[in-house]
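# Notes for the structure review
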Amino acid sequence: MSLTNLPPPNPNSPFASMKGHHVAVRVPDYEKAKRWFVEKLDFRVIHEWPYADQKLAYMGPPTDDRFYIELLGDGNPGPIPKPVYIDLGDSLRLAGYHHFCLNVNSVDDTLAELRRRGVTIVTEPFELPAISRRLAFFADPFGNLIELAQVLN
C-alpha cells in the first residue's frame, strides 16, 4: 500500500473520533528531560501537572500544537533502566515501544543542528523508497529513540 494512495477514511466507525494526541515517555530524571527537550529541540512546555508521586508535562514542538510528548518523571521507585542502543539494528531486537517520529523539511539540516547541540545520533540518514522517506534516528539522554523523517518527492 502506498502512502500517497491511502484507503478512504471510515466516518461510520464507532472510533471515527480517534486522533493522535501524544506519546508518553517515562524518564528517570524529569527536570533533565524537560530541559533537554527545550534546549536541544526547542520544544515548548505546554502544560505540567502532578500525578500521584510523579511529575508530568506535555512538551510541544516549536510550531505544532496538535502533537505532544508527555514526559512521565520522578516518582518512587524510579523507572527500571532500559538498554541504551548503539545502532538501529541493535534496537530492533526488543519487543514493545520503539520510537516516535518527527517530520522535518530536511533530515540533513536537522541532524547538523542536533550535532551542533551535542545530541547523540544513532543512525545516519538513509532513504527508504517503500515509504518515500529519508530517515535518521537520534536519542534523548536516556536512550529513547526519536526518528526524523523527510518526505522525498
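### Considering the nonpolar core
Core analysis: the largest hydrophobic core is formed by 26 residues, its most contacted members being F37, I69, L71, F100, L114, F138 and L148. Only β1 (22-27), α1 (30-41), β3 (54-60), β4 (68-74), β5 (99-103), α3 (107-116), β7 (133-139) and β8 (145-151) provide two or more residues apiece to this core. Considering each element in turn, this core owes the most residues, five residues, to α1. Residue contacts for L114: discarding those within four places in its chain leaves K40, L41, V119, I121, F138 and L148.

### Brief notes about the confidence of the model for the protein chain
Averaged over every residue, the pLDDT of the protein chain is 91; the share at 70 or more is 99%. Ranking the elements of the protein chain by mean pLDDT puts helix α2 (residues 88-91) last with 80 and α3 first with 98.

### Topic: the pattern of salt bridges
For the coordinates displayed, the defined rule picks out ten salt bridges. Note that R115 and E124 form a salt bridge whose closest N and O atoms lie 2.5 Å from each other. Note on E124: relative accessible area 46%, which makes it partly exposed. One network of salt bridges, in which partners are shared, links D42, E113, R116 and R117.

### So, the side chain of E147
When you line up the elements, E147 lands in strand β8. At 2.7 Å, the side chain of E147 forms a polar contact with the side chain of H99.

### Considering the sheet that holds β4
Strand order in this open sheet of four strands is β1-β4-β3-β2, and the pairing throughout is mixed. The open sheet terminates on both sides in strands that have one partner only, identified here as β1 and β2 (44-51). When the angles between neighbouring strand axes are averaged without regard to direction, this sheet yields 20°.

### Overview of unusual backbone geometry
Positioned with a positive phi, D42 is a non-glycine residue whose angle comes to about 60°. For D42, a relative accessible area of 39% gives the class partly exposed. We note that A52 has phi near 55°; this positive angle belongs to a residue other than glycine. For A52, the position within the fold is in the loop between β2 and β3. In this structure A52 comes out as exposed when scored by relative accessible area, which is 74%.

Conventions used here
Residues numbered from 1 in each chain as written. Predicted model: local features only at pLDDT ≥ 70, side-chain atom pairs only at ≥ 80, totals over all residues. Heavy atoms only, no water. Core = buried A, V, L, I, M, F, W, Y, C linked by side-chain atoms within 4.5 Å. Buried < 20%, exposed > 50% of the residue type's maximum accessible area, 1.4 Å probe, protein only. Helix = DSSP H or I, 4+ residues; strand = E, 2+ residues; numbered from the N terminus. Contact = heavy atoms within 4.5 Å. pLDDT = per-residue confidence, 0-100. Salt bridge = Lys/Arg side-chain N within 4 Å of Asp/Glu carboxyl O. Polar contact = N/O pair within 3.5 Å; in protein donor to acceptor, adjacent residues only side chain to side chain. Pairing = 2+ DSSP bridges. Axes fitted to C-alpha atoms, helices over the stretch in contact; angles between N-to-C directions.

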